[in-house]
Amino acid sequence: MKKLTLFFFALLAVCLAFQACDNSKTYAEMLEEEKDAIKAFIKDSSIVVISQSEFYAQDSTTDVSRNEYVQLASGVYMQIVDKGSTNPADTVKPNDLVLVRYEEYGLIEKAVTSSNLNNPTVMDEFRYTVTSSSIAGLFTQGYMLAYYGSSVPAGWLVALNYVRDGAHVKLIVPSKMGQQTAMQQVYPYYYDIHKFQIWN
């Protein structure tokens, strides 16, 4: 009986040692780290966050001189630098091809992780699709396709509801609205999208 008790204590000690060596984070810890990274970026960038009701009261615009960003219901923070075309009909429609010039900055890495701004020969392109239950975008070419697969970050698509052809927007995109790696690693990203150009 003593040997059996000793065996169980030894087994318990080994299990505790393995658990103590496990440095992986829980999903809740990763979400907390993401939340902290977004808060720190907002503070460090002197961003003024406005509500959706304030945003709508301002004709769905943000005051760039005050560095305003609207926090949308999806958790995405958006600043409209330039709404794009003055023609109200120049909005993205189902099956449109959209060309994009962008820079992606990781809020946890604190570094630029992807960009096509410095390469005039590369333009990221996606097809915008609408079904009865959802909207989606599929990359057809560019760096985002090469790095993360064909799915366009949902955070990018949210912005399309408020802008027109040629728009310039800045976005803080939480992991649940981001690209494939963002969702897997629970990483938030900041995007400076210099141009959403509709290409029919």
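Just so you know, these numbers come straight off a predicted model, no measurement behind them.

### Points about the environment of Val-158
With respect to the helices and strands, the residue Val-158 is situated in helix 5 (residues 154-159). Linking Val-158 and Ser-74, residues 84 residues apart in sequence, is a C-alpha distance of 8.2 Å. Each residue touching Val-158, except ones within four places of it in the same chain, is listed here: Leu-72, Ser-74 and Met-177.

### Quick word on the environment of Gln-71
Residue placement: Gln-71 occurs in strand 2 (residues 68-71). According to the relative accessible area criterion, Gln-71 is partly exposed, its value standing at 36%. For the pair Gln-71 and Val-49, spaced 22 residues apart in sequence, the C-alpha separation works out to 6.6 Å. In this structure, Gln-71 is in contact with Val-49, Ile-50, Gln-52, Val-76 and Tyr-77, ignoring residues within four places of it in sequence.

### Things to note about the confidence of the model for the chain
Scored by pLDDT, the chain has a mean of 90; 88% of the residues are at 70 or more. Note that pLDDT drops below 50 for residues 18-22; the model gives that stretch 0 contacts with residues more than four away or on any other chain.

### Side note on the nonpolar core
Counting 35 residues, the largest nonpolar core has Met-78, Phe-126, Trp-156, Leu-171, Tyr-191, Ile-193 and Phe-196 as the members making the most contacts within it. Elements with a minimum of two residues in this core: strand 3 (77-82), strand 4 (97-106), strand 6 (124-130), helix 4 (143-148), helix 5, strand 8 (167-173) and strand 9 (189-199). A total of 5 residues in this core trace back to one element, the largest contributor, which is strand 9. Setting aside anything within four residues of it in sequence, one finds Leu-171 in contact with Val-76, Tyr-77, Met-78, Gly-155, Trp-156, Ala-159, Tyr-189, Tyr-190, Tyr-191 and Ile-193.

### Comments concerning unusual backbone geometry
Of note, the phi angle at Asn-67 is positive, near 60 degrees, even though the residue is not glycine. Structurally, Asn-67 can be placed in the loop between helix 3 (52-57) and strand 2. Of note, the phi angle at Lys-110 is positive, near 55 degrees, even though the residue is not glycine. Here Lys-110 lies in the loop between strand 4 and strand 5 (111-115). For Lys-110, a relative accessible area of 58% corresponds to the exposed category.

### A closer look at the pairing of strand 3
The pairing of strand 2 with strand 3 spans 2 bridges and is antiparallel. Considered in strand 3, the bridge of Val-70 is made with Met-78. The loop that links strand 2 with its antiparallel partner strand 3 comprises 5 residues; one of these, Gly-75, has a positive phi angle of about 95 degrees. One ladder, built from 5 bridges, connects strand 3 with strand 8; its direction is antiparallel. Its bridge partner lying in strand 8, Ile-80 is registered against Val-169.

### What to know about the packing of aromatic side chains
Scanning the model with the defined rule gives 12 aromatic pairs in all. For the pair Phe-55 and Tyr-162, a centre-to-centre distance of 5.3 Å together with 75 degrees between the ring planes defines the contact as edge-to-face. Taken together, the residues Phe-55 in helix 3 and Tyr-162 in the loop between helix 5 and strand 8 connect sequence positions 107 residues apart. A residue is classified by how much of its surface remains accessible, and Tyr-162, at 17% relative accessible area, is buried. Judged by centre distance (5.4 Å) and plane angle (85 degrees), the rings of Trp-156 and Tyr-191 are edge-to-face. Taken together, the positions of Trp-156 in helix 5 and Tyr-191 in strand 9 put the pair 35 residues apart, joining distant regions of the chain. Note on Trp-156: relative accessible area 0%, which makes it buried. Through a chain of ring-to-ring contacts, three or more aromatic side chains come together here, namely Tyr-102, Phe-126, Phe-139, Trp-156, Tyr-189, Tyr-191 and Phe-196.

### Quick word on the pairing of strand 5
Pairing of strand 4 with strand 5, which is carried by 4 bridges, proceeds in the antiparallel orientation. What sits directly across from Tyr-105, in strand 5, is Val-112. Between strand 4 and strand 5, which pair antiparallel in sequence order, lie 4 residues; one of them, Lys-110, sits at a positive phi of approximately 55 degrees.

Calculation notes
Residue positions are given per chain, counting from 1 as you read along its sequence in written order. Only residues with pLDDT of 70 or above have their local features reported here, since the model is predicted, and side-chain atom pairs are shown and tallied only from 80 upward, although totals for entire chains, interfaces and linings are computed over all residues. Only hydrogens and water are set aside when side-chain values are computed; all heavy atoms of the structure are taken into account. In this text, helices come from DSSP runs of H or I with a minimum length of four residues, and strands from runs of E with a minimum of two, each type numbered from the N-terminal end. We call two residues in contact whenever any of their non-hydrogen atoms come within 4.5 Å of each other. Each residue gets one of three labels from its accessible area relative to the maximum for its type: buried under 20%, exposed over 50%, partly exposed in between, using a 1.4 Å probe on protein chains only. Residue-level confidence of the predictor is summarised by pLDDT, bounded by 0 at the bottom and 100 at the top. What is meant by a nonpolar core is a set of buried Ala, Val, Leu, Ile, Met, Phe, Trp, Tyr and Cys residues, joined one to another through side-chain atoms within 4.5 Å. Two strands are counted as paired when DSSP detects at least two bridges linking them. Paired rings are identified among Phe, Tyr and Trp, the last through its six-membered ring, by centres lying within 6.5 Å, and are further divided according to the angle between planes into stacked (under 30 degrees), edge-to-face (over 60) and tilted (the rest).

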